[in-house]
Structures are given as C-alpha cells and as structure tokens.
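The primary structure of each chain is shown beneath.
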Amino acid sequence: MRKSKTLARIRNGEPIRTCVLGHYIPAYVCHAARAGYDCIWIDLEHRAMTLREVQALLAFSHLYDIDILMRPPTLEKTGIYRYLEDGAAGILIPFVSTPQKAKMLVDAVKFPPIGDRGIDNAGLDADFLIHDPDEYVAWANQETFLAVQIETPEAVHNAEAIAAVEGVDIVFVGPGDLGLRLRQSGEMTLDDAWEIVAAACKKHGKAFGGPTMGIKEMQKRHQQGAQLLVNSSEFHGWSSGLADEIKQFDELD
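Here is a short report on the structure shown in this document. Just so it is clear, the model here is predicted, and its values are computed rather than measured.

About the criteria used
Residues numbered from 1 in each chain as written. Predicted model: local features only at pLDDT ≥ 70, side-chain atom pairs only at ≥ 80, totals over all residues. Heavy atoms only, no water. Salt bridge = Lys/Arg side-chain N within 4 Å of Asp/Glu carboxyl O. Helix = DSSP H or I, 4+ residues; strand = E, 2+ residues; numbered from the N terminus. Phe/Tyr/Trp six-rings, centres within 6.5 Å; stacked < 30°, edge-to-face > 60°. Buried < 20%, exposed > 50% of the residue type's maximum accessible area, 1.4 Å probe, protein only. Polar contact = N/O pair within 3.5 Å; in protein donor to acceptor, adjacent residues only side chain to side chain. Contact = heavy atoms within 4.5 Å. Core = buried A, V, L, I, M, F, W, Y, C linked by side-chain atoms within 4.5 Å.

## Considerations on the pattern of salt bridges
In step 1: Summed over the entire model, instances satisfying the criterion amount to 19 salt bridges.
In step 2: Taking the shortest distance from any N to any O, the salt bridge between Lys5 and Asp65 comes out at 3.7 Å. Residue Lys5 is found in helix α1 (residues 5-11), and its partner Asp65 is found in the loop between α3 (51-63) and β3 (67-71); the two are separated by 60 residues along the sequence.
In step 3: Members of the salt-bridge network, linked through shared partners, are Arg2, Lys5, Asp65 and Asp67.

Right, here's the structure in full:
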C-alpha cells in the first residue's frame, strides 16, 4: 500500500506541488509525475469522466507514484469512499461551510475511531490483497486525506470550527466561488478571507492552500503558510500553448 506524497509534504512542512486535470488524458499523469509534481487534482465537479476512465487514471497514478486528489460529483457516502478504494489518495469536497458538514465528510472517508467509512480491503488502495483489517484501517487513516473547500462567507466565518474537526486534513480556499460571493456581499476581501483561514489552520495545526496561479500568488500564499499550491492545469497548458504557437504562422515568409 503506497504512501501519500501530499501527506509526507505536510508532515515535513513543505509545499505540495499540485496540478489540475479535468479530462481523460492518461499521459498527463505520467508527465506530471516525471516533472516532479506530488499531486494531481482531478475535477469531477465541473468535468465529466466515466467510472472506468477514472479508475484507469487512478491505476496510472499508482504506476507512476503520484497522488490523486479527487473532487467527486457526489456527496453520497459510498460514492465518495469508493474513489479511495479505487486508489485516490485524497478527496476534495466543495462548499463546506459548516463544521457539521465537515464531520459528515470525515465520517465518509475515515475509518473508526475517526470516522464511519465502510471497509472493503480488496481494492487498488489495498493492492488488491486482503490485509489484516486493523493494519489496513490504520494505513488508510494515516495515508489518505480529506480536503474541504471554503467557498462562502459563512465558511470563512466558520473557518476555525471547520479546521478544528478531527479528520479534516486540508482546508482549501476556493477563490472563484468565494471571490464571487465576497464581491457581492462586500463584507471582506478575498485577501481577508485567506488571512482568516491561515490563522484558523495555524491554530489547529491543519494544512491549507488552493489555486495559486502565477509565481506572485504562489509566493504570497506560501508566505502565509499555505502548503497545497496549485499552479498548473492541462486546460491552461492547451490554451496558452495554442495561443503562443499560432503566432508562428505570422512569422512565415
């Protein structure tokens, strides 16, 4: 059973080198691992893949030894932890605005005594072997992780209570949805929200982070203490690469 590179980075106080994948591109998993990334965030909230495509990407992640942080399209309990059984290293859930919801998610992804996840012990996460159940449960609670997204003003106000929930491993600031709502409410800036989350996580010893595109944003959040730093996506790579390379046609004689 593999060990999480994300959790190793957290325990060593190091940044987690993270990129994003929203389409079924097996080669991306290989190239991200070879480039030195620790974790690929696979987004199934805004993108669609079949179950078999997801399982294939998770198998490739084990082959190339890189974490997959899966954002599922469901809150159904067995639907969430099945991604862990299929080999995901972590689960990322959007719109976690209360500690009660955070605890519900802990119940779904952590085994007793922390949560209430059901045991299978025969999936890719267990190398398709039947391990001693207590050994398997201890490994899973130690080497898989839960990240919860702060995306509403309510979530910011509850950041300390959310960070205090046992079993929440990473608090993830979602600047798109959170920024939209904060601009509408006017109650604080996005930078204010990052500061509140940073303070809450520091108090409760939890890692935090989020999308940090561009070196200035990466440095700014890293200086606040953020460890999960997302700086690349295949979508951005395609769009920027095509936009740059089309210019070569203008240089033709």
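## Re the packing of aromatic side chains
In step 1: Throughout the structure, instances matching the rule amount to four aromatic pairs.
In step 2: Arranged with centres 6.3 Å apart and planes meeting at 55 degrees, the rings of Trp194 and Phe208 form a pair that is tilted. Of this pair, Trp194 sits in helix α10 (residues 190-204) while Phe208 sits in strand β7 (residues 207-211); the two residues are 14 residues apart in sequence, bridging distant segments of the chain.
In step 3: Using a relative accessible area of 0% as the deciding quantity, one classes Trp194 as buried.
In step 4: The exposure class of Phe208 is buried, given its relative accessible area of 3%.
In step 5: The rings of Phe111, Tyr136 and Trp139 are connected pair by pair, giving a single aromatic cluster.

## Some details on the side chain of Asp38
In step 1: Secondary-structure assignment places Asp38 in the loop between α2 (26-35) and β2 (39-43).
In step 2: Engagement of the side chain of Asp38 in a polar contact is seen with the side chain of Arg9, the distance being 3.3 Å.
In step 3: Once residues lying within four places of it in the same chain are set aside, the contact partners of Asp38 are Lys5, Thr6, Arg9, Pro15, Ile16, Arg17, Ile66 and Asp67.

## Notes on the nonpolar core
In step 1: Membership of the largest hydrophobic core comes to 54 residues, with the highest contact counts inside it found for Ile40, Ile42, Met70, Ile91 and Leu146.
In step 2: Sequence-distant contacts of Ile42, that is, excluding residues within four places in its chain, are made with Leu21, Met49, Leu57, Ile68, Leu69, Met70 and Arg71.
In step 3: Counting 15 residues, the second-largest nonpolar core is a separate cluster that includes Leu7, Trp41, Leu69 and Ala89.

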